[in-house]
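One letter stands for each residue in the lines below.
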Amino acid sequence: MTKPEIRVRIAPSPTGDPHIGTAYIALFNYVFAKKHGGKFIIRIEDTDQTRYRAESEAMILDAVRWFGIEWDEGPDRGGEYGPYKQSERLAHYQKWAKELVSKGHAYYCFCSSERLAGLRKKQTENKLPPGYDRHCRTLEAKEALARVEKGEVHVIRFKVPSSGVTSFEDGIRGKVEFENTKLDDLVILKADGFPTYHLASVVDDHLMKISHVIRGEEWVSSTPKHVLLYQAFGWEPPHFTHLNLLRNPDKSKISKRKHPTSILYYKRKGILPEVLRNFLALMGWNPGGDQEIFSTEEMIEKFSWERFSLGGPVFDLTKLLWMNGQYLKKKSDFEWVQLLRQNVFTEDYLLQLIPLVKERVCAFEEFIDNTSFFFNGDLKYDEAVLPPKGVVAKDASNWLVELLEKLEGLQSWTVEHIKEACENYCKEKEIKTKDLFMTLRIVISGGTVSPPLFETIHVLGKEMTRRRMRLASDSLKKR
RNA sequence: GUCCCCAUGGUCUAGAGGCCUAGGACGUCACCCUUUCACGGUGAAAACCCGGGUUCGAAUCCCGGUGGGGACGCCA
C-alpha cells in the first residue's frame, strides 16, 4: 500500500488586492507539501458575484508567483482535477446540493433576506446568539418542491443535526469539539445558484483529493459544519490545520485600515520575496535555536508542525525592514544593479513617469528632484501646512479617510476614475476643490508643487496612495 | 450575548518539570569604531497574566479566573 498523496491548496477569492494573509497561508501550505513530496494547488473561489473583481484573479496569481512559490495545479496551468475556478464548476455544486436534499440532509428555504435580517436583529437585541430559526426546515418536501418548480426564490440549507457533538482533530490544536445545537442550518446554495464557501470548498476539496486543509484560524468555528457536510456526503474529511491570524499592532486581525495588507505594497516598497518568506515563516514557526535567517529550502528541510506556536503574531514592519537590509547587504553590487533595474528603474515605470515631468525638466539633473517622491516610501513634510487655512486638522483627517474609501471602491485605477472620485467627493461634502487638492498633493507628493495630481496618484499606485493617505489622516487625527 | 481558540519583555520568539540568576532577534538607550550618517562591536533597561492545585521541585502539567483574538451572513 502506498501512502495517499499529500495534496494541499490555497483558495483565495478574487475580491481585491492580493492579501498578505494569503501569502502567509500559502507559504505554510507550500512548505508542508514540499516537505512530504506532495502537491500544492491554487483554486480560485469566485462564488461571490457581488464582490467579484475581474482584475483581481490575475493579480493574485502574479503576486503569489512573485512571492516565490510555484503551484502544481491551478487555474492558469490546469491539472487533473480542473477546472480550478469555482465559477466554472457550478454544475458540481448544484448536483451535490440536490443530492443532499434528496437524501434528506438539506432543504429548500424561502425566507427573504429581510426576514433573516429582522430575525438577527431581534436575537441580538435579546442578547441571543444570532442564527437561523429553521423556519423552512419543517416544510413538506413535496410542497417545497412545488414552490421551487413554480419559480419561487429559494436557497438550499443544510440540516444540522439537532443533537450530538461534532469534533475534529486540528493539526496543531488537537481535538476541537462543538455541540451541534450551537450550529445553525447554513445556506449551501444561494438564490443565484452559486454555492456558498462551505459547500464549494467541501465539494472541491473532496473532488480535488485534498488531503490536508491548512487555512486561517477564522475557519475554526465553521469546520464542524464542514465535517458534518462530509459526513452527509459519506466522504472522508481531510485533515484540518488552522494557523493563527496575522495581527495589526493592536492585536486585531490584520486589516488594511490599520496595516498595509497588500502583497503589492511590499513588492513596491522593495522587500525581497525571499525576505517576506523568511519573515512570514517566523510568524509562528522557527527552525529551533536562535536562527532567524533561513531560506525556504531550509525551512522545508526542517519543517514540522511541532515547531509551530499559536498566539496571533503582530506583523512588525520594523523587523521586516531590518531583515530586508540583512539580505540586501549580502547581495553583490552587480546583483543590486539587476534588482534596481527589475524593481525600481524599470522601463515601464520610467515611461509612466516621464510624461509627468517632461515639461518641467530642462536637464536630466532635475529629473530626480522632480520624481523623488515616486521612489520614496513614507514621506516627511510639515504637518502644520497640511490642513488648509480655516480647516481643523480633524476635518482634514476625515476628508482623507472618506476619500480613500471612495478610491478603494473604484472599479479600476484609472486617471479618469480617480479624478471623478475626488471631484465628486468635493461636491458631496461642499469642500473647495482647491483646499482638498492641495492637502492631497502634499500627502501624495510631500510638497506643494508636483505633477498633475490625478496622474500622479494613478502612477504612484493604489498601495502607496493608501499608505500615504492613512499615515497622514492618522497623524492629523492626533493633532 | 453564545461558542471556539490563544496567553514568556513594546514586538517576533527559545523554553516540552530541575540545565532558568528565563536565552536569542527587532526596537529603545549608552558607549566604542568613524570627518558625517549608516553598518559593525560592546553593554544596559525590559517578560514567564492572576489565583489555586499536582510535585521534593513548575514558565513548563491540571483547574478556575482575567485578558486578547476569532466566529456567529444568500462574504470568503
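Counting starts from 1 at the beginning of each chain's written sequence and moves along it residue by residue. Written order decides the labels, with chains lettered from A and ligands numbered from 1. A pLDDT threshold of at least 70 governs which residues receive local features in this predicted model, and a stricter bar of 80 or more applies before side-chain atom pairs are shown or counted, although totals over entire chains, interfaces and linings include all residues. Only heavy atoms go into the side-chain values, all of them from the structure, while hydrogens and water stay out.

## Remarks on the domain arrangement of chain A
Stated formally: Note that the domain bounds were set by an automatic or database domain assignment. The contact criterion used is simple: two residues touch if any of their non-hydrogen atoms lie within 4.5 Å. The term buried area denotes the loss of accessible surface (1.4 Å probe radius) that occurs when two parts are joined, taken as the sum for both partners. By convention in these notes, a salt bridge is any Lys or Arg side-chain nitrogen within 4 Å of a carboxyl oxygen on Asp or Glu. Numbering of helices and strands runs from the N terminus, with a helix taken as a DSSP run of H or I at least four residues long and a strand as a DSSP run of E at least two residues long. Under the scheme applied, nonpolar residues are Ala, Val, Leu, Ile, Met, Phe, Trp, Tyr, Cys and Pro; charged residues are Asp, Glu, Lys and Arg; polar residues are all the others, including Gly.
Here chain A is partitioned into domain 1 (7-87 + 246-318), domain 2 (89-243) and domain 3 (347-479). Taken together, the contact pairs 27 residues of domain 1 with 30 residues of domain 2. Summed over both sides, the interface of domain 1 with domain 2 buries roughly 2,400 Å², with 58% coming from carbon and sulfur. Here domain 1 is connected to domain 2 by three salt bridges. Residue Asp-205 pairs with Arg-43 through a salt bridge whose shortest N-O separation is 2.9 Å. Elements that contribute at least two residues to the side of domain 1 that touches domain 2 include exactly β1 (7-10) and α1 (20-35). If you tally residues by element for the side of domain 1 that touches domain 2, the top one is α1, at five residues. Along the lines of polarity and charge, the residues of the side of domain 1 that touches domain 2 split into twelve nonpolar, six polar and nine charged.

## Side note on the environment of Glu-169
For Glu-169, the position within the fold is in strand β5 (residues 165-170). Distance from Glu-169 to Asp-62, taken between C-alpha atoms, is 34 Å for residues 107 residues apart in sequence. Once you skip the residues sitting within four places of it in the chain, Glu-169 turns out to touch Gly-174, Lys-175 and Phe-240.

## What about the sheet that holds strand β7 (residues 187-189)?
Worth spelling out the cut-off: Strands are labelled as partners when DSSP assigns at least two bridges between them. Where helices are involved, their axes are fitted lines through C-alpha atoms of the stretch in contact, as for all axes, and angles between N-to-C directions lie from 0 to 180°.
Strands sit in the order β3-β4-β7 across an open sheet of three strands; the sheet is antiparallel. Either end of the sheet is taken by a strand with one partner, and the two such strands are β3 (106-109) and β7. Adjacent strand axes in the sheet meet at a mean angle of 45 degrees, parallel and antiparallel pairs treated alike. As paired elements, strand β4 (residues 155-158) and β7 share two bridges and run antiparallel to each other. Bridge pairing links Ile-156 to Leu-189 in β7.

## A closer look at the pairing of β3
Note the threshold: Per-residue accessibility, obtained with a 1.4 Å probe over protein chains only, is compared with the maximum for each type, and a residue is labelled buried under 20%, exposed over 50%, and partly exposed between these values.
Covered by surrounding structure in β3 are Ala-106 and Tyr-108 together with Tyr-107 and Cys-109, the residues of both alternating faces. Sheet topology places β3 next to β4; four bridges connect them, and they run antiparallel. Note on β4: the bridge partner recorded for Tyr-108 is Ile-156.

## Description of the nonpolar core
Quick note on the threshold: We define the nonpolar core as a collection of buried residues of types Ala, Val, Leu, Ile, Met, Phe, Trp, Tyr and Cys that are connected through side-chain atoms lying within 4.5 Å of one another.
Membership of the largest hydrophobic core comes to 95 residues, with the highest contact counts inside it found for Phe-40, Leu-276, Leu-280 and Phe-315. The dominant element in this core, judged by the number of residues it contributes, is α1, at eleven residues. Once residues within four sequence positions are removed from consideration, Leu-276 is found in contact with Ile-20, Trp-66, Phe-67, Tyr-266, Ile-271, Phe-315 and Leu-320. Grouped together as the second largest cluster of nonpolar side chains are 47 residues, Val-160, Phe-168, Val-176 and Val-213 included.

## Some words on the side chain of Arg-441
Short version of the rule: This count recognises Lys and Arg as positive and Asp and Glu as negative, with His and chain-terminal groups excluded.
In this fold, Arg-441 is placed in helix α17 (residues 433-445). At 8.5 Å, Glu-455 is the nearest oppositely charged side chain to Arg-441, a buried residue that forms no salt bridge. Setting aside anything within four residues of it in sequence, one finds Arg-441 in contact with Gly-446, Gly-447, Thr-448, Val-449, Ser-450, Pro-451 and Leu-453.

## Quick look at the protein's contact with RNA strand B
Selection rule: Working definition: residue near molecule or strand if any one of its non-hydrogen atoms lies within 4 Å of it. Whenever two N or O atoms come within 3.5 Å, that pair is a polar contact, provided that in protein one can donate a hydrogen and the other can accept it, and provided that, for residues adjacent in sequence, both atoms are side-chain atoms.
Surrounding RNA strand B, one finds 53 residues, the nearest of these being Lys-127, Arg-173, Lys-190, Ser-221 and Glu-292. The sugar and phosphate moieties of RNA strand B supply 81% of its atoms located within 4 Å of the protein. Contacts to RNA strand B include Thr-47, whose side-chain N or O atom sits 2.8 Å from a phosphate oxygen. Between RNA strand B and Cys-111 there is a distance of 3.0 Å, counted from a base nitrogen to a backbone nitrogen or oxygen. For the surface near RNA strand B, the secondary-structure elements that each account for two or more residues are α4 (113-125), β4, β6 (174-179) and α11 (317-330). Among the elements that line the surface near RNA strand B, the one with the most residues is α11, at five residues. Broken down by class, the residue content of the surface near RNA strand B amounts to 20 nonpolar, twelve polar and 21 charged.

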